[in-house]
Amino acid sequence: MPMNAETMGIETMNTETKDVDERALAFDCRGERLYGVLSLPSGPCRRGVLVVVGGPQYRAGSHRQFTLLARHLAANGVAALRFDYRGMGDSEGAARAFDDVEDDLRAAVDAFLGAVPGLEEIVLWGLCDAASAIAMYAPRDTRVRGIVLLNPWVRTDEGIARTTLKHYYRARLLEAGFWRKLLGGRIDAAASLRSLAALVRSALKPRAAAANDGAALPLPARMRAGMQAFRGPVLVILSGADLTAREFCDLAGSDGAWQRLLDAPRITLHRLEPADHTFSRRQWRDQVAAWTCAWLRSW
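Residues numbered from 1 in each chain as written. Predicted model: local features only at pLDDT ≥ 70, side-chain atom pairs only at ≥ 80, totals over all residues. Heavy atoms only, no water.

K.L.:
How do you make sense of the sheet that holds strand β7 (residues 234-239) when you look at a structure like this?
P.N.:
Whenever strands of a sheet pair, they do so through backbone hydrogen bonds, lying parallel or antiparallel. Spatial ordering of the open sheet is given by β1-β2-β4-β3-β5-β6-β7-β8, a layout of eight strands whose pairing is mixed. Looking along the sheet, the strands with just one partner apiece sit at the ends: β1 (21-29) and β8 (267-272). Mean inter-strand twist for the sheet, computed between neighbouring axes without regard to direction, equals 20°. Here six bridges tie strand β3 (residues 47-52) to strand β5 (residues 121-127), and the two strands are oriented parallel to one another. Bridging from a neighbouring strand, Val 52 pairs with Gly 126 of β5. On top of the sheet, helix α2 (residues 65-75) reaches β1, β2 (32-40), β3, β4 (79-84), β5 and β6 (144-150); it is set at about 160° to β4, its chief contact. (Pairing = 2+ DSSP bridges. Helix = DSSP H or I, 4+ residues; strand = E, 2+ residues; numbered from the N terminus. Axes fitted to C-alpha atoms, helices over the stretch in contact; angles between N-to-C directions. Contact = heavy atoms within 4.5 Å.)

Here is the structure:
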């Protein structure tokens, strides 16, 4: 099908983005066609932000966050590309996991640099498992000079069990409404106890040991290795009201290697305490965009 504004779902320009030029971009990845949208500033730029999509969703993002972020960046002089990797949105191919998109990212970087004259360096920006994909990919591509990681996905069975027990069940036990429902018979106590017992068993499992084969390392270890190998600046943004972010914080707080990594001067960390996983409110989304732009101007 020919690409146009309707088939690509490109939103009509509004007065806030009148100086932003948006164009559809099609490019190849291992014989399959990928599609994205470029948001270009009115003048030349040497740095661009590639928005990597976490799954399962497409290039607009939840609550149109990626669309609005790209336009905000372009309005502030930074080119942006958001795209669908293979198997998502308009792009061809079979769906794939976040840790199997290296070819897609490399193809998108190639296409971005080829489509924007004067563009010299790329920043990768991603939420959730897209942040995880970025952390593992960035040190393998010298054209990537910075990375932005929002609520990075470091999920393990034992990790989410510990986080759920610590942050969800403890809070529930302090809620008067929970006890009213329990005493009123509106909660299946036996099922709740079985669920709690399963979480406790998972939480008590020791963390997976490191393996000699890097590919066999657990996800948190692979992410940490990638962030350590990447020598450029890193921006980490964490939501306060999100179990994924809390699992990341719990992991980092209990692991000396993670603590040393996040304390490095090249890493900037922001916390947005009231925000949920996808920064669903306008003020949260705008704060993320403002932090991103300020960080880009800082180096």
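K.L.:
Honestly, the packing of helix α4 (residues 129-137) against helix α8 (residues 219-229) in this entry has me stumped. Any pointers?
P.N.:
Angle between the axes and distance between the axes: these two values describe a pair of packed helices. Packing of α4 against α8 leaves a shortest axis separation of 7 Å and a crossing angle of 50°. For the element pair α4 / α8, the angle class is oblique. Handedness of the crossing formed by α4 with α8: left-handed. Contact residues: α4 offers Ser 132, Ala 135 and Met 136, while α8 offers Leu 219, Arg 222, Met 223, Gly 226 and Met 227. (Parallel < 35°, antiparallel > 145°, perpendicular 65-115°, else oblique. Left-handed = near helix turned anticlockwise from the far one by under 90°.)

That's the geometry; what it means functionally is another story.
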